[in-house]
Amino acid sequence: MAASASVVPAAVTAAVVPVLSTSGDFSNLREIKKQLLLIAGLTRERGLLHSSKWSAELAFSLPPLPLAELQPPPPITEEDAQDMDAYTLAKAYFDVKEYDRAAHFLHGCNSKKAYFLYMYSRYLSGEKKKDDETVDSLGPLEKGQVKNEALRELRVELSKKHQARELDGFGLYLYGVVLRKLDLVKEAIDVFVEATHVLPLHWGAWLELCNLITDKEMLKFLSLPDTWMKEFFLAHIYTELQLIEEALQKYQNLIDVGFSKSSYIVSQIAVAYHNIRDIDKALSIFNELRKQDPYRIENMDTFSNLLYVRSMKSELSYLAHNLCEIDKYRVETCCVIGNYYSLRSQHEKAALYFQRALKLNPRYLGAWTLMGHEYMEMKNTSAAIQAYRHAIEVNKRDYRAWYGLGQTYEILKMPFYCLYYYRRAHQLRPNDSRMLVALGECYEKLNQLVEAKKCYWRAYAVGDVEKMALVKLAKLHEQLTESEQAAQCYIKYIQDIYSCGEIVEHLEESTAFRYLAQYYFKCKLWDEASTCAQKCCAFNDTREEGKALLRQILQLRNQGETPSTEMPAPFFLPVSLSANNTPTRRVSPLNLSSVTP
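Residues numbered from 1 in each chain as written. Predicted model: local features only at pLDDT ≥ 70, side-chain atom pairs only at ≥ 80, totals over all residues. Heavy atoms only, no water.

### What to know about helix α23 (residues 433-445)
Stated precisely, the cut-off is as follows: Here a strand is any run of E in DSSP of at least two residues, a helix any run of H or I of at least four, and the numbering for each starts at the N terminus. A helix is expected to span 1.5 Å multiplied by its residue count minus one. Note on exposure labels: buried denotes an accessible area under 20% of the residue type's maximum, exposed denotes more than 50%, and partly exposed covers the range between, all computed with a 1.4 Å probe on protein chains only. Should any heavy atoms of two residues lie within 4.5 Å, those residues are counted as being in contact.
With 13 residues, α23 should cover 18 Å at 1.5 Å per step; its first-to-last C-alpha distance of 18 Å lies within 8% of that length. Most of α23 sits inside the fold, with ten of its 13 residues counted as buried. Its buried side turned inward, α23 meets α21 (399-411), α22 (415-428), α24 (449-463) and α25 (469-479). In the stretch just after α23, N447 is the one whose phi turns positive, near 65°.

Shown next, in the form of structure tokens:
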């Protein structure tokens, strides 16, 4: 094997990888394809399979290269040649997950490739042992009780190499992973940034860096290399930080420059639409993606979340059966099956499949959050809290886990705790009306009514998904005897649900008409009061009150009572409401440009 490839001195190719220029523009797609094929091979040789797959998928989306332009394999150094036998044997052991055995045969190797595989084998061996000790995903084991014992030793050894500037891009990546696992976040970020400068083609380093960035301000202060890979990184981090408009613009730019056939980009766009709850658009893209790549499993748990929200049982059942045929032991498959059972209200079975997903990968964020939801359904609040906390440990940007914790503490009647968690969820999703309504309810329970009013109005302003913010605001005005403002809120609510769109039943509609009927009656505006009272007669809970009010209005009119102009009245009901219309609702998209109060 060594004889067939050219052997060059180690000093000549201390860093084999950055032989290709990775400039920030996309003018030369052939050069980019060469770089992707090269890095796919280099990451595969080092056991970094996810990075290798990502690079290969992206390369596949670009036009094929002619034979004359195909890259030759990287030259082999003298050190590589000396370590070839040990590396080949160890890589075979590594591939069958015999990590200790691989590390044993690589001990003492000097080439950068063999040294990386030696250290990576030791790291994965420690991770495997840690996962094996964590038998029960939701058992009594708290964070920190089960640790990867190899981490401290790896840190000491890699730190010495780092100080001596002997680590290549892959070595820096592994050093950063070790630092992150030891919760040394600041040091890890610095090392990952250095890794992206030394080896900008390695997607794994960008992805690890992405997981450590908590907000846009933090992103601004990072000194990142000016390379085309940075565009993929920025699109990904914008999606994670819920900056969806910026993310979609980045992905559109990538499609325009030539990556239109990339299944990765298509799936990320679908995830972005899922994050802003544009369910129809996200479903449409996922369906198209499944036609292009029918055996794809990545992101199918997100697709199943959308089907769950729409209560599409048959489609979710088909997806679950299909993924089972492809690979029943993938975390995404287990999550899809869990969602299917949850939709059928079989919450024990759903929780079982989410636990199965976590046994396959204890760091899989979606399963922890979904399992928390299932425990909430089963009224097991302590288990739900533990599941949500695990989700936050995996990813502090998961707003669903913060929101779930808020709901759990709300059930436990602990409003101060619940306020803290809802605030955290709102910080992550400032334009999500559900977070704002939950915050408003919390402030209301704590008798901070001014703050509650701000939250409800803000929820309406950003596009109230559940159409409850105005009703809650109106009831708050009622409580504070601010009748004029309450009436205005109820009228806005009525106008909203009578606008064109999906036909939905609104539980508070009768409440709104009852209040408006009484308000107009007090204002001596008989026509408006009569219209609202007639509407009250259409609902079981307000029928008798509506009839009584109509009799009173008729009696006063017969007595010659004239409408008063002394009392102020809000703007009147639209003419269309006097007809017998069916209530409808329009769910407006979130206004992502709005500013949080």
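### Let's talk about the UniProt feature "repeat: TPR" (unreviewed entry) in the protein chain
Quick reminder of the rule: UniProt positions are given in the numbering used here, feature names are shortened, and annotations may be inferred rather than shown by experiment.
UniProt tags residues 331-364 and 365-398 as "repeat: TPR" (unreviewed entry). Helix makes up 79% of residues 365-398 and strand 0%. Its end C-alpha atoms lie 8 Å apart.

### Side note on the side chain of K250
Relative to the assigned elements, K250 resides in helix α12 (residues 244-259). Apart from residues lying up to four places away in sequence, K250 is in contact with E231, L234, A235 and Y238.

### What to know about unusual backbone geometry
For D183, which is not glycine, the phi dihedral falls at a positive 65°. One can find D183 in the loop between α7 (169-181) and α8 (185-198). The backbone phi angle of N299 is positive, close to 70°, even though this residue is not glycine. Structurally, N299 can be placed in the loop between α14 (279-292) and α15 (300-309). Owing to a relative accessible area of 19%, N299 belongs among the buried residues under this scheme.

### Topic: the confidence of the model for the protein chain
To keep things clear, this is the line we draw: As a per-residue measure, pLDDT reflects the predictor's confidence and takes values from 0 up to 100.
In this model, the protein chain carries an average pLDDT of 83, and 86% of its residues clear a pLDDT of 70 or more. A low-confidence stretch, residues 565-572 stays under pLDDT 50, and its non-local contacts, those more than four residues away or across chains, total 20 contacts.

### Re empty space enclosed by the protein
Quick note on the threshold: With a 1 Å grid laid over protein atoms only, a set of points is called a cavity when a 1.4 Å probe fits there but cannot get out and a pocket when it is open yet has protein on both sides within 12 Å along at least five of seven lines; lining residues have an atom within 4 Å of a point. Grid points are joined across faces, edges and corners, and a volume is the space filled by probe spheres set on the points. Any residue outside Ala, Val, Leu, Ile, Met, Phe, Trp, Tyr, Cys, Pro, Asp, Glu, Lys and Arg is labelled polar, Gly included; the first ten of those are nonpolar and the last four are charged.
Considering all chains together, one arrives at one cavity of 30 Å³ or more under this definition. Volume-wise, the largest cavity comes out at about 40 Å³. What lines the largest cavity is simply D80, D83, M84, Y87, S111, K113 and A114. Those elements giving two or more residues to the lining of the largest cavity turn out to be α3 (78-95) and α5 (112-133). By residue number, the principal contributor to the lining of the largest cavity is α3, which donates four residues. Of the residues assigned to the lining of the largest cavity, the class counts are three nonpolar, one polar and three charged.

### Re the pattern of salt bridges
This is how the line gets drawn: Only one rule defines a salt bridge in this text: a Lys or Arg side-chain nitrogen within 4 Å of an Asp or Glu carboxyl oxygen.
Tallied over the full model, the rule gives 29 salt bridges. Put simply, K181 and E127 hold a salt bridge, and the shortest N to O gap is 3.2 Å. Here the residue K181 occupies a position in helix α7, and E127 occupies one in helix α5, the gap between them amounting to 54 residues. Each member of the pair, K181 as well as E127, is classed as buried. Across the pair K216 and E246 runs a salt bridge, and its minimum N-O distance is 3.5 Å. With a gap of 30 residues between them, K216 in helix α10 (residues 216-220) and E246 in helix α12 connect regions that are remote in the sequence. Looking at K216, the relative accessible area reads 32%, which means it is partly exposed.

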